[in-house]
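So the chains spell out like this:
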Amino acid sequence: MGAVGDALAVHELRKRYGANEALKGVDLRIGEGELVGLLGPNGAGKSTLVKIACGLVRPTSGSVTLGGAIGYLAELFRFPDWLSADELLQLHQKLARSPGGAAERRELLELVGLAEVAQRRVGAMSKGMQQRLGIAQAMIGDPKLLLLDEPTSALDPAGRRTVRELLENLRSRGVAVLLNSHLLSEVELVCDRVAIIARGEVVAAGSPDELSRAGGVEIETGRGTRTFSQATREDVPRLVRELVDAGEDVYEVRVIRSSLEDTYLEVVGGR
Amino acid sequence: MRGALIIASFALQESVRRRVFVVVALLTIAFLALYGLGTWQIAKSADEIGDTNSNGIEGRVVAGATLLGLSMFATLFLGAILAVFLTLGAVRGDAERGLLQPLLVRPISRGTFLAGRFIAAASVCAAYVIAVFLASAVITDIFVDWWPDRIVGPALELGVAVAIIAALALAGSVVLSSTANGIAVFMLFGAGLTAGLLGQIAEALSSDTLADVSKGASWVLPFEALYQSALSHITADTIGFTRFAIDLGPFGGAQAFGAGLWPYVVVYSAAVGAAALWAFRRRDL
């Protein structure tokens, strides 16, 4: 069950499509204003998890508790090409009963860098512009939780930076975000926590720092390289002292860190 | 209800922007012009129209009822096309294109979405067939000098008939792809017409079995029953040899389905709506 203040609480979530079990008892919590990255290979169950949270897919068992209104941007989305950006946001304002009016639409379009093309039809926008419009659409009605499924897949580096800044801005406003992305570097840069899903299960979870765990210490001495695989950065002064006391000459010390990518590949079975 | 009206207005706005109504209006004007031309030519060439001939048959009534019956057939067909094309991809088609998901997450219930799409399609199609039927009646009156015995009842029956076709197409869109749904609904429409034809053959051959099959099929596809009922109502007060002559004509098999038809239509529509909602709620998007 979700705790008070949770924007999303997923408990023992299972989803079966015929013989294929897409989710095998997933537990996940996202606190208020928390930015959580969801990583995993294709077919791991990430989109299924997000769609169940949105109510688009029925779970086989388990529960999803939402802390308030949600905004959602699907991985494969499309907006009516005959609507302008402003009209699209207006439609979603009506459906979400948002009282924000023109001011909210203007602010959101400015946030995603589309204020200049508010009257342009969706059909005349590039895929990247449509993706940014999708993010603005998801933010209509001041949701407590944003579920973004690959929100930067069609964006160029500048667009990705805009989205990263936007996500940080959202966090500062107390909006929780579940970011489903293949871009590990992006997740590492902005997310407070990361959950890695593989074969329908959460196989690793923690902060990016925790998941980029220490991988030991290497010390270059006069007698060659000494490796201390269980040692951390905090162990370095003691190790150096012990080696010097033992009469060895120390030339260089390297703290080996395993990157998020290494951890990811390790837990999803990529190597 | 508010959400349903927003969805309905959105669907109608799409039809306006995509110029669906402009195309429909232009084609309908062409249809009415052709109908007027045909009616004028028939009225001009048939000298006996307007007179009662030696057999006691009022040619003007027979010609007027037959021509308007023909127009009603075409009107229902045009209305069915409109109903099918406004709804055939409303659920599965839009979900496959990724258009539906952002709307449903807002959140609006799936029932609200279906209700909105039905309100949009049914109101447009019903208004359309009623307008075309009334225009045809006026054209018939102008050229043949004949006005149907009932006008409001048949107009409503045609309107509701096409609303039922819209409901069937919308329900089909939940489970079928756009193409399959379009084919399925037109085949159902064809089955309804076949039921009507069977009724006419039954009338000509005095076959009770065929008449029962026709009537049964019309109850299963009540848009056909409503169409038949509308046809019979335009000559509801016509009697004698003129009635006999109309019965021998192409729309002579038309039968009234009694007072039970309207309650049945309400129950039928509710059942179609409930089945569509049940299937939609079970559908993963």
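Source: prediction; values computed, not measured. (Residues numbered from 1 in each chain as written. Chains lettered and ligands numbered in written order. Predicted model: local features only at pLDDT ≥ 70, side-chain atom pairs only at ≥ 80, totals over all residues.)

Along its length, chain B carries 12 helices and 0 strands. Tracing chain B from N to C terminus, the helices and strands come up as α-α-α-α-α-α-α-α-α-α-α-α. Taking 2.2 N^0.38 as the reference for a compact globule, 285 residues should give roughly 19 Å; the C-alpha atoms of chain B span a radius of gyration of 20 Å, in line with that estimate. Reported as C-alpha extents along the three principal axes, the dimensions of chain B are approximately 70 × 40 × 30 Å. (Helix = DSSP H or I, 4+ residues; strand = E, 2+ residues; numbered from the N terminus. Rg over C-alpha atoms; globule rule 2.2 N^0.38 Å.)

Attention shifts here to the overall build of chain A. Each helix and strand counted, chain A has 9 helices and 12 strands in total. Dimensions of chain A, computed from C-alpha atoms along their principal axes, come out at roughly 75 × 45 × 35 Å. Burial analysis of chain A (271 residues in total) assigns 39% to the buried set. The contacts of chain A with a sequence gap of at least 6 include a subset with a gap of at least 24, amounting to 69%. (Buried ≥ 20, exposed ≤ 12 C-beta atoms within 10 Å, placed from the backbone. Contact = placed C-beta atoms within 7 Å.)

Time to look at the interface of chain A and chain B. Many authors give the size of an interface as the accessible area that is lost as the parts come together. Every contact between the two is made by 19 residues of chain A and, on the other side, 19 residues of chain B. Sorting the residues of the side of chain A that touches chain B by element identifies β5 (70-73) and α2 (85-96) of chain A as the ones contributing at least two each. By residue class, the composition of the side of chain A that touches chain B is 13 nonpolar, 3 polar and 3 charged. (Nonpolar A, V, L, I, M, F, W, Y, C, P; charged D, E, K, R; others polar.)

All names here are of chain A. Under the domain assignment, chain A is made up of domain 1 (6-207) and domain 2 (212-268). Domain 1 and domain 2 are separated by 40 Å when their C-alpha centres are compared. Residue assignment for the side of domain 1 that touches domain 2 shows that the elements contributing at least two residues are α6 (184-190), β8 (193-198) and β9 (201-206). Residue classes in the side of domain 1 that touches domain 2 are distributed as 7 nonpolar, 1 polar and 1 charged. (Domains from an automatic or database assignment.)

Bringing the nonpolar core into the picture now. Residues and elements named next belong to chain B. Of all hydrophobic cores here, the largest spans 156 residues; its most connected members are A83, C125, L158, V162, I165 and A166. Here the element with the most residues in this core is helix α6 (residues 110-144); it accounts for 20 residues. Apart from the residues within four sequence positions on either side, V162 is in contact with L76, G79, A80, A83, C125, A126 and V129. (Core = buried A, V, L, I, M, F, W, Y, C linked by C-beta atoms within 7 Å.)

Moving on to helix α8 (residues 236-245) of chain A. Of all 10 residues in α8 of chain A, 0 are buried, a share of ten percent or less. Phi turns positive one or two residues past the end of α8 of chain A, at G247 of chain A, with a value near 90 degrees.

This paragraph deals with the sheet that holds strand β6 (residues 145-149) of chain A. All names here are of chain A. In spatial order, the strands read β5-β6-β7-β3-β8-β9; together these 6 strands make up an open sheet with mixed pairing. Of all the strands in the sheet, just β5 and β9 have a single pairing partner and so form its edges. Ignoring strand direction, the axes of neighbouring strands in this sheet form an average angle of 15 degrees. Two elements, strand β3 (residues 35-39) and strand β7 (residues 176-180), share 4 bridges in a ladder whose sense is parallel. Pairing of L35 across the sheet is with V177, part of β7. Those strands touched by helix α1 (residues 46-54) are β3, β5, β6, β7 and β8, and its axis lies near 145 degrees from that of β6. Its contacts with the sheet put helix α4 (residues 127-138) on β5 and β6, and the angle it makes with β5 is roughly 165 degrees. (Pairing = 2+ DSSP bridges. Axes fitted to C-alpha atoms, helices over the stretch in contact; angles between N-to-C directions.)

So, about α4 of chain A. For an α-helix the count is 3.6 residues per turn, leaving residues at separations of three or four pointing the same way. A rise of 1.5 Å per residue sets the reference length of α4 of chain A, with its 12 residues, at 16 Å; its end C-alpha atoms lie 16 Å apart and thus fit the reference within 8%. Counting buried residues in α4 of chain A gives 10 out of 12 residues, a clear majority hidden from the surface. Burial in α4 of chain A covers these residues: M129, Q130, Q131, R132, L133, G134, I135, A136, Q137 and A138 of chain A. Looking at the buried side of α4 of chain A, the elements it contacts are β5, α2, α3 (101-111), β6 and α5 (157-172) of chain A together with α5 (101-104) of chain B. (Expected span 1.5 Å × (residues − 1).)

Another point: the sheet that holds strand β2 (residues 20-31) of chain A. Residue and element names in this part refer to chain A. With antiparallel pairing, 3 strands are arranged side by side in an open sheet as β2-β1-β4. Unpaired on one side and paired on the other, β2 and β4 (61-66) mark the two borders of the sheet. Between one strand axis and the next, the sheet turns through 15 degrees on average, direction left out of account. Two elements, strand β1 (residues 6-17) and β2, share 9 bridges in a ladder whose sense is antiparallel. Residue pairing across strands places V10 opposite L28, the latter belonging to β2. Its contacts with the sheet put α1 on β1, β2 and β4, and the angle it makes with β1 is roughly 120 degrees.

To continue, consider the environment of R92 of chain B. All names here are of chain B. On the secondary structure map, R92 appears in helix α4 (residues 92-96). Overall, the presence of 22 C-beta atoms within 10 Å leaves R92 in the buried class. Spatially, the C-alpha atom of R92 lies 5.7 Å from that of S173, the residues being 81 residues apart in sequence. Every residue in contact with R92, bar those within four places of it in the chain, is listed here: S173, V174, V175, L176 and S177.

This next bit is on the packing of α2 of chain A against α3 of chain A. Residues and elements named next belong to chain A. Between α2 and α3, whose axes approach to 10 Å, the crossing angle comes to 125 degrees. Viewed along their axes, α2 and α3 adopt a mutual orientation that is oblique. Our pair here, α2 against α3, has a crossing hand that is right-handed. Note on element contacts: α3 touches α2 through E104, R105, L108 and L109, opposite A85, D86, L89, Q90 and Q93. Looking at the contact of α2 with α3 residue by residue, the class counts come to 4 nonpolar, 2 polar and 3 charged. (Parallel < 35°, antiparallel > 145°, perpendicular 65-115°, else oblique. Left-handed = near helix turned anticlockwise from the far one by under 90°.)

Our focus in this paragraph is the confidence of the model for chain B. All names here are of chain B. Taken residue by residue, chain B gives an average pLDDT of 89. The fraction at 70 or more is 94%. Of all secondary-structure elements in chain B, the lowest mean pLDDT belongs to helix α11 (residues 240-248), at 72, while helix α7 (residues 152-175) reaches the highest, 96. Scored as a complex, the prediction yields pTM 0.84 and ipTM 0.78. (pLDDT = per-residue confidence, 0-100.)

As a further point, take unusual backbone geometry. Residues and elements named next belong to chain A. Of note in the backbone geometry, D142 takes a positive phi value of approximately 55 degrees without being a glycine. You can see D142 is positioned in the loop between α4 and β6. Of the residues examined, D142 has 16 C-beta atoms within 10 Å and is grouped as partly exposed. Phi is positive for E150, close to 50 degrees, though the residue is something other than glycine. Classification of E150 by C-beta neighbours within 10 Å gives buried; the count is 20.

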